[in-house]
Amino acid sequence: MKNSKRILSVALALLLVFALAACQSTPTTTGGTTGATTTKGTTATTTAATTTTGTTAPPEPIVISTLHAGDNTPNPDNLVLQEITKLTGYIVEMTYVPGADYNTKLNALIAADDLPDLFSLGTNDALQMRDAGLLTDLTDILPANAPTIMADVGDELFKAPANFDEKIYLVFRGALGYPMNTSIRTDWLANVGLEMPKNLDEFYTVLKAFTEDDPNKSGKKDTFGLAGGIGRNYYASIFGAYGIPVDRNIQLSDGTVTTWMKHPMILDAFEYMQKLYKENLMEPDFATIPAMELFGKLWTGVAGVLIFQCVGTTNNWMPSRYTETPLPTFGFATLAGPGGSGGVPTIYPDYNSGWVVAASCETPVDAVKLAEFFASDAGDELLYLGVEDVMFRWTDKAAGKYERIAPYTDDATHRAAGAFVYHGRFASKNNIEVRLFNELTREGVALAHSQGLPDATIVGAFDENVEYASALGAIIEEAFAQLVVTDGDLAAEHAEFMKQWDEAGGTIWEEAATAMYKAENP
Amino acid sequence: MNKKTAPEIFGLSLNTILLFIFAFSTTYPFWHVIMYSISDSRAAMSGGLFFIPRDPTLLAYRMLFKTKLIFIVYRNTIIRTVAGTGLSVLLSSLTAYPLSLARFKGRSFFSLMIFFTMLFSGGMIPTYLVVKNLGLLNSLWALILPGAMSAYNMFILRNFFQSIPNSLEESALLDGANPLQVLFRIILPLSAPALAAIAMFYGVGNWNSYLDGVLYINDANKQILQVYLRTMLGTAGAKGVLGDISGNLSDASSLTEETMKMVTITVSVIPVLIVYPFLQKYYTKGILIGSVKG
């Protein structure tokens with residue numbers, strides 16, 4: 001007994017010693033193909049991509065550190081990082097942080113004067129860091145070293161608030177977000193004998209048929225028309241038919257910039273929404289249903305219409321998310337309203353976030369060259385699809401067709417090897433994701449972009465927005481849900497909500513927003 | 001003989017039903033998570049209660065354990081938990097023992113200084129700077145040393161030591177033992193419940209710790225389980241709303257964010273749940289120890 005206790009004690013002590021020994025810090029080796037350990041901040045101006053001849057020692061590879069926010073799990077020595085080194089000569093020291101904690105990590109690095117060379121920022125942080133001298137002025141460096149980026153966003157760089165003084169500190173990406181499409185199941189349309197709707201009346205007829213006329217031929221009343229949640233974008237084309245860009249600022253006829261909820265046609269739009277709700281043609285739990293559950297209504301064949309980016313409905317969810325056999329088919333509707341036209345909120349470049357180079361970066365030119373590589377077609381493909389002929393191969397490049405090569409056929413392995421996970425921050429307007437869309441999705445995206453509604457978007461930040469936006473947004477959200485479901489006097493309830501909005505700071509916000517909008521759009 | 005009356009039977013039945021409902025309401029969430037995690041994502045989307053898995057599949061687990069990084073982060077977390085807990089218990093014991101001795105002059109002062117840290121911590125940025133300046137960044141030491149001693153746990157241990165009769169220590173000293181021998185041969189063996197309780201506190205704390213991994217570790221080879229799992233949520237999360245093009249070709253594309261959440265919770269919690277029943281009695285005891293003396 002005594003001996004076994006001693007043995008156990010010794011074993012535990014050894015375990016502790018081994019564990020502590022394993023805690024030691026080791027020099028960081030990065031994803032270079034040679035596996036050479038290098039130090040950060042090498043000031044050589046030539047890259048290892050420049051071949052050397054004779055007995056001249058090759059230049060020491062330049063290490064560029066980056067901080068990347070993302071929600072994936074790349075291996076530290078992954079193939080994509082190795083390929084970047086092979087193609088550019090730069091060793092990329094990539095710190096990968098969960099997206100939600102990016103700012104926490106960045107704040108710690110700022111405080112420790114330990115900023116990475118290349119990283120992402122929002123406008124407010126960029127302005128503060130610029131004023132504190134923590135960012136590199138790229139005004140001269142970018143045009144000389146980044147032709148792809150300049151061709152993509154060069155004309156608009158000074159629209160970013162961080163660059164308002166005509167000096168470039170923050171470079172936003174060219175890639176645009178995706179606008180909303182009204183995706184309607186065409187197989188259900190055929191089953192109920194209807195055409196693709198062109199206006200709100202026809203849309204109502206379709207939703208009614210999808211709810212009451214057994215569009216899936218199951219013999220049961222197990223379907224309804226419109227899937228949707230509390231987000232106003234799920235109804236973007238309905239409000240758009242009345243000329244209202246949901247969740248955007250609008251300019252009234254007297255020049256005042258205000259909330260979309262004060263649009264002159266807003267009561268008409270809510271009357272239409274009420275009709276859908278009261279006749280059970282739309283999601284009955286729209287105010288509380290989680291996003292995944294509402295998408296599930298489309299995926300499982302319960303709902304036949306979803307107003308959402310078609311990149312989801314006809315591309316990325318197709319076929320794996322849909323549970324029916326045969327697969328559903330979709331088309332996109334353009335809904336005209338009382339004025340004879342319709343639309344959806346316009347998508348603008350994201351002027352308020354982008355990449356920057358730290359002032360502490362010893363080789364800012366190389367950092368910009370690396371960003372240029374990421375934005376180029378070759379870099380873009382590498383970051384998204386991985387290493388060609390190792391991780392994937394093109395089957396029809398012009399048509400955007402490719403196939404993954406084993407063992408990279410599943411997402412986990414593919415992303416662990418570095419593909420997809422670093423993509424996005426440097427993506428250009430015609431980036432690889434766009435080039436890979438199927439034909440229907442390309443048409444849908446182009447259609448939605450062509451239907452952008454005018455609004456009064458303000459690019460720059462202003463104090464009143466920081467102070468009041470959150471409270472005002474909460475009132476709008478509550479008003480939206482209430483005005484759809486109310487049995488009371490719609491006009492009176494709307495007026496009451498707008499009074500609340502004004503009193504919660506809306507009037508002050510309107511004055512500041514109007515001034516700001518006029519300053520930005522003289 | 002001992003025949004139960006109708007009111008007694010009613011009372012027992014009521015108790016049984018109430019306790020069953022209570023037990024069900026506390027255990028079902030775990031069951032739900034596990035059953036959901038091994039259900040097919042599409043079948044699980046219909047919602048409702050999960051008493052058995054729907055279209056059972058281990059696809060989500062396969063996805064999680066497909067990369068070598070999961071084994072690296074598990075290894076790191078186990079090392080951190082074992083080493084951190086061992087070191088923490090050792091440091092807490094070495095600190096608590098002198099502070100429990102009435103003859104130690106200045107113990108009130110030192111106790112107050114340690115207590116002060118329970119009220120005011122250094123804060124995230126100053127702590128980061130200390131860790132950086134000590135050269136601990138990117139090492140598991142950065143995860144172990146800053147939180148190596150919890151003042152709360154030290155006080156629990158000190159209070160327990162104070163409850164041990166002085167005569168035992170005096171006898172040992174008379175027999176020629178030095179203070180360290182008294183601590184390791186007399187005090188600690190008598191303090192097994194308290195040590196087990198604080199070891200559990202430290203162990204669970206180390207296992208669940210997340211933010212220090214985000215802050216102090218840049219090298220994925222040194223990353224810990226909780227940070228890895230957080231990013232795995234995003235792998236499915238990104239697909240949850242829009243998915244990505246590559247999803248078309250992968251088996252993982254049929255996974256939903258909800259399933260990945262359930263898998264993540266299971267993988268993270270199961271090890272703790274396995275250990276917990278063995279230490280639970282010490283947990284209660286540990287809490288009581290802290291409340292006996294202040």
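Source: prediction; values computed, not measured.

## Details of the overall build of chain B
- Looking only at helices and strands, chain B has 14 helices and zero strands in total.
- When the helices and strands of chain B are read in sequence order from the N terminus, they spell out α-α-α-α-α-α-α-α-α-α-α-α-α-α.
- Restricting the contact set of chain B to residue pairs at least 6 apart, pairs at least 24 apart contribute 72%.

## Some thoughts on the overall build of chain A
- Assigned secondary structure in chain A consists of 19 helices and 14 strands.
- When burial is assessed residue by residue, chain A has 53% of its 522 residues classed as buried.
- When contacts within chain A are restricted to residue pairs at least 6 apart in sequence, those whose partners lie at least 24 apart make up 72%.

## Some points on a nonpolar patch on the surface
- Judged by side-chain polarity, Phe10(B), Leu14(B), Ile17(B), Leu18(B), Phe20(B), Ile21(B), Phe24(B), Trp31(B), Leu49(B), Phe51(B) and Ile52(B) come together as a nonpolar surface patch covering roughly 1,200 Å² of accessible area.
- With respect to the element layout, Ile52(B) can be found in the loop between helix H2 (41-44) and helix H3 (59-64).

## Observations concerning the confidence of the model for chain B
All names here are of chain B.
- Across chain B, the average pLDDT comes to 83, with 87% of residues at 70 or higher.
- The secondary structure element of chain B with the lowest average pLDDT is helix H13 (residues 225-241), at 64, and the one with the highest is helix H7 (residues 141-144), at 94.
- The low-confidence segment residues 236-252 (pLDDT under 50) makes 65 contacts with residues lying over four places distant or belonging to another chain.

## Digging into the side chain of Asn315(A)
Residue and element names in this part refer to chain A.
- Counting through the fold element by element, Asn315 comes out in helix H12 (residues 310-316).
- We classify Asn315 as buried; its relative accessible area is 2%.
- Looking at Asn315, its side chain comes within polar contact range of the side chain of Asn316, at 2.9 Å.

## Quick look at the sheet that holds strand S9 (residues 330-333) of chain A
Residue and element names in this part refer to chain A.
- Strand order in this open sheet of four strands is S5-S8-S4-S9, and the pairing throughout is mixed. The outermost strands of the open sheet, each flanked by one partner alone, are strand S5 (224-227) and S9. Sheet twist, expressed as the mean angle between neighbouring strand axes with direction ignored, is 25 degrees.
- As defined by bridge partners, S5 adjoins strand S8 (residues 303-308) across three bridges and the pair is classed as parallel. Looking at the pairing, Ala227 lines up with Leu306 of S8.
- Across the face of the sheet, helix H11 (residues 291-299) comes into contact with S5, S8 and S9 while running at roughly 130 degrees to S8.
- Seen against the sheet, helix H17 (residues 439-450) touches strand S4 (181-185) and S9 and runs at an angle of roughly 10 degrees to S9.

## Section: helix H1 (residues 6-37) of chain B
- With 32 residues, H1(B) extends 45 Å between its outermost C-alpha atoms, agreeing within 8% with the 46 Å of an ideal straight helix rising 1.5 Å per residue.
- Among the residues of H1(B), those classed as buried are Tyr28(B), His32(B), Val33(B), Met35(B), Tyr36(B) and Ser37(B).

## A few points about the environment of Ile475(A)
- Position of Ile475(A) among the secondary structure elements: in helix H18 (residues 463-485).
- Discounting residues that sit within four places of it in the chain, Ile475(A) has contacts with Phe497(A), Gln500(A), Trp501(A) and Ala504(A).

## Here we look at the pattern of salt bridges
All names here are of chain A.
- A complete count under the given rule lists 23 salt bridges over all chains for this structure.
- Residues Lys208 and Glu279 are paired through a salt bridge, measuring 3.4 Å at the closest nitrogen-oxygen approach. One end of the pair, Lys208, is in helix H8 (residues 200-212); the other, Glu279, is in the loop between helix H10 (266-278) and H11, with 71 residues separating them in the sequence.
- Judged by relative accessible area, Glu279 falls into the partly exposed class, the value being 27%.
- One network of salt bridges, in which partners are shared, links Asp377, Asp380, Glu381, Lys397 and Arg435.

## Points about the pairing of strand S3 (residues 118-122) of chain A
Residue and element names in this part refer to chain A.
- Where burial is concerned, most of S3 is hidden: four out of the five residues are buried.
- Taken together, the five bridges between S3 and strand S11 (residues 353-357) define a ladder with antiparallel strand orientation. Its bridge partner lying in S11, Leu118 is registered against Val357.

## Observations regarding the nonpolar core
- Counting residues in each nonpolar core, the largest one holds 76 residues, and the members touching the most others are Leu226(A), Phe239(A), Trp260(A), Met261(A) and Phe480(A).
- Sorting elements by how many residues they give to this core places helix H19 (residues 490-520) of chain A first, with nine residues.
- Formed by 75 residues, the second largest nonpolar core is a distinct cluster that contains Leu135(A), Ala375(A), Phe426(A) and Ile224(B).

## A few points about the side chain of Thr85(B)
Residue and element names in this part refer to chain B.
- Mapped onto the secondary structure, Thr85 falls in helix H4 (residues 68-100).
- Reaching out from Thr85, the side chain makes a polar contact with the backbone oxygen of Thr81 at a distance of 2.5 Å.
- Ignoring sequence-local partners within four residues, the contact set of Thr85 consists of Arg80, Ala199, Tyr202, Gly203 and Asn206.

## Describing the packing of helix H5 (residues 107-119) of chain B against helix H8 (residues 151-162) of chain B
All names here are of chain B.
- At a closest axis distance of 9 Å, the pairing of H5 and H8 adopts a crossing angle of 145 degrees. From H5, Arg107, Ser111, Ile114, Phe115, Thr117 and Met118 reach across to H8, where they touch Ala151, Tyr152, Met154, Phe155, Arg158 and Gln162.
- Among the residues forming the contact of H5 with H8, the class breakdown is seven nonpolar, three polar and two charged.

## Topic: the confidence of the model for chain A
- For chain A, the mean per-residue pLDDT works out to 88, and 89% of the residues sit at or above 70.
- Long-range and interchain partners of residues 26-54 of chain A, a stretch whose pLDDT sits below 50, account for 53 contacts in this model, where long-range means more than four residues apart.

## Describing the packing of aromatic side chains
Residues and elements named next belong to chain A.
- Tallied over the full model, the rule gives 41 aromatic pairs over all chains.
- When the centroid spacing of 5.6 Å and the interplanar angle of 10 degrees are considered together, the rings of Phe308 and Trp317 count as stacked.
- What makes Phe308 buried here is its relative accessible area of 6%.
- Between Phe462 and Trp509 the ring centres are 6.2 Å apart and the planes differ by 45 degrees, which places this aromatic pair in the tilted class. Taken together, the residues Phe462 in the loop between strand S14 (452-453) and H18 and Trp509 in helix H19 connect sequence positions 47 residues apart. Each member of the pair Phe462 and Trp509 is classed as buried.

## Brief notes about the packing of H4(B) against helix H10 (residues 179-190) of chain B
Residue and element names in this part refer to chain B.
- Taken N-terminus to C-terminus, the directions of H4 and H10 make an angle of 110 degrees; their axes are 11 Å apart at the nearest point. Relative to H10, the element H4 lies roughly perpendicular. For the crossing formed where H4 meets H10, the hand is right-handed. Judged by residue contacts, Leu90, Ser93, Leu94 and Tyr97 of H4 engage Pro179, Leu180, Val182, Leu183, Phe184, Ile187 and Leu188 from H10.
- For the contact of H4 with H10, the per-class residue count stands at 10 nonpolar, one polar and no charged.

About the criteria used
Residues numbered from 1 in each chain as written. Chains lettered and ligands numbered in written order. Predicted model: local features only at pLDDT ≥ 70, side-chain atom pairs only at ≥ 80, totals over all residues. Heavy atoms only, no water. Helix = DSSP H or I, 4+ residues; strand = E, 2+ residues; numbered from the N terminus. Contact = heavy atoms within 4.5 Å. Buried < 20%, exposed > 50% of the residue type's maximum accessible area, 1.4 Å probe, protein only. Patch = residues over 30% accessible without salt bridge, like charges linked within 9 Å, V, L, I, M, F, W, Y side chains within 5 Å. Areas by Shrake-Rupley, 256 points an atom, 1.4 Å probe, with all protein chains shown as cover. Salt bridge = Lys/Arg side-chain N within 4 Å of Asp/Glu carboxyl O. pLDDT = per-residue confidence, 0-100. Polar contact = N/O pair within 3.5 Å; in protein donor to acceptor, adjacent residues only side chain to side chain. Pairing = 2+ DSSP bridges. Axes fitted to C-alpha atoms, helices over the stretch in contact; angles between N-to-C directions. Expected span 1.5 Å × (residues − 1). Core = buried A, V, L, I, M, F, W, Y, C linked by side-chain atoms within 4.5 Å. Nonpolar A, V, L, I, M, F, W, Y, C, P; charged D, E, K, R; others polar. Phe/Tyr/Trp six-rings, centres within 6.5 Å; stacked < 30°, edge-to-face > 60°. Parallel < 35°, antiparallel > 145°, perpendicular 65-115°, else oblique. Left-handed = near helix turned anticlockwise from the far one by under 90°.

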